[in-house]
Amino acid sequence: MNDILSLWQVHRDAGWPNFSDPSQGELMTLDTVISGCVTYYLESEAGLDSPRLAILENCLADLNGLLPDLADEAVAYFARLQRLGNLLLAA
């Protein structure tokens, strides 16, 4: 949990990357949903339930498909988001 909390603090403090991409809307949605899962996990004693785990897995699959084509300015931000999601799945 410490890894998730530390990485979450870094992610929250990071500003939205300055980039232009046709998938920017989808990336915003993925950021919002994965961030919501992180917040729920950190505030819940029970962790993520089955529906949230399924949503998280779907979001990560979508993010994995988008990462290779992202502009350099956005890679660090979304790679960190991907790591957060993977840490949640492993928790």
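Counting starts from 1 at the beginning of each chain's written sequence and moves along it residue by residue. Side-chain atom pairs in this predicted model are given and counted only at pLDDT of 80 or more, local residue features only at pLDDT of at least 70, and totals for whole chains, interfaces and linings cover all residues. Excluding hydrogens and water, the side-chain values take into account all heavy atoms of the structure.

Colleague: It is not clear to me how the overall build of the protein should be interpreted in this structure. Could you clarify?
Modeller: Here a helix means four or more residues in a row that DSSP labels H or I, a strand means two or more in a row labelled E, and each is numbered from the N terminus. Counting secondary structure elements, the protein contains 4 helices and 0 strands. Listing every helix and strand of the protein by position from the N terminus yields α-α-α-α. Rg of the C-alpha trace for the protein: 13 Å, near the compact-globule value of 12 Å for 91 residues, within the 12% margin. When its C-alpha atoms are laid out on the principal axes, the protein stretches across 40 × 25 × 15 Å. Taking all 91 residues of the protein together, 41% fall into the buried category. We call two residues contacting when some pair of their heavy atoms lies within 4.5 Å. Sequence-distant contacts in the protein: of pairs separated by 6 or more residues, those separated by 24 or more amount to 74%. Every accessible area reported is derived by Shrake-Rupley at a probe size of 1.4 Å, with residue values counting cover from the shown protein chains alone. When the accessible surface of the protein is totalled, it reaches about 5,300 Å², and 49% of it is carbon and sulfur. His is not counted here, nor are the chain ends, while Lys and Arg score as positive and Asp and Glu score as negative. Here the site of a charge means atom NZ of a Lys, CZ of an Arg, CG of an Asp or CD of a Glu. Side-chain charges of the protein comprise 4 positive and 13 negative groups, with the mean position of each set lying 8 Å from the other. Radius of gyration here is computed from C-alpha atoms only, and the compact-globule reference equals 2.2 Å multiplied by the residue count raised to the power 0.38. Relative accessibility under 20% of the residue-type maximum defines a buried residue, over 50% an exposed one, and the middle range a partly exposed one, all with a 1.4 Å probe and only protein chains included.

Colleague: Got a minute to help me understand helix H2 (residues 24-43) in this structure?
Modeller: Along an α-helix, residues three or four positions apart point the same way, because every turn accommodates 3.6 residues. A helix is expected to reach a length of 1.5 Å times the quantity of its residues less one. For H2, which comprises 20 residues, the first-to-last C-alpha distance of 28 Å matches the rise-based estimate of 28 Å (1.5 Å per residue) to within 8%. Where H2 is buried, its residues contact helix H1 (2-13), helix H3 (50-66) and helix H4 (72-90).

Colleague: What am I meant to see in the packing of aromatic side chains here?
Modeller: Whether two aromatic rings pair depends on their centres lying within 6.5 Å, for rings of Phe, Tyr and Trp, where Trp uses its six-membered ring; planes under 30 degrees apart make the pair stacked, over 60 edge-to-face, and the rest tilted. Inspection of the entire model under this criterion finds 5 aromatic pairs. Ring geometry for Trp 16 against Phe 78: centres 5.4 Å apart, planes inclined by 85 degrees, an arrangement best described as edge-to-face. Of this pair, Trp 16 sits in the loop between H1 and H2 while Phe 78 sits in helix H4, and the two are 62 residues apart along the sequence. Ring geometry for Phe 19 against Phe 78: centres 6.1 Å apart, planes inclined by 75 degrees, an arrangement best described as edge-to-face. Residue Phe 19 is located in the loop between H1 and H2, and its partner Phe 78 is located in helix H4; the two are separated by 59 residues in the primary sequence. On the basis of relative accessibility, which here comes to 0%, the residue Phe 78 falls in the buried class. Among the aromatic residues, ring-to-ring pairing joins Trp 16, Phe 19, Tyr 77 and Phe 78 into one connected group. A ring is considered to have a charge above it if a Lys NZ or an Arg CZ atom is located within 6 Å of its centre and within 35 degrees of its normal. Over the face of the ring belonging to Tyr 40 we find Arg 52, whose NZ or CZ atom lies 3.6 Å from the ring centre.

Colleague: Any chance you could explain the packing of H3 against H4 here in plain terms?
Modeller: For any two helices packed against each other, one specifies the crossing angle of their axes together with the interaxial distance. Lines fitted to C-alpha atoms define the axes here, with helix axes fitted over just the stretch in contact, and angles between the N-to-C directions of these axes take values from 0 to 180 degrees. The geometry of H3 relative to H4 is characterised by a closest axis approach of 10 Å and an angle of 150 degrees between their N-to-C directions. Accordingly, the angle class assigned to the pair H3 and H4 is roughly antiparallel. Seen from above, H3 lies across H4 with left-handed handedness. Listed contacts from H4 to Leu 53, Leu 56, Glu 57, Leu 60, Leu 63 and Asn 64 of H3 are Phe 78, Leu 81, Gln 82, Gly 85, Asn 86, Leu 88 and Leu 89. Convention used here: angles under 35 degrees read as roughly parallel, angles over 145 as roughly antiparallel, angles from 65 to 115 as roughly perpendicular, and any remaining angle as oblique. Crossings are assigned a handedness: left-handed for a near helix turned anticlockwise from the far helix by less than a right angle, right-handed for a clockwise turn.

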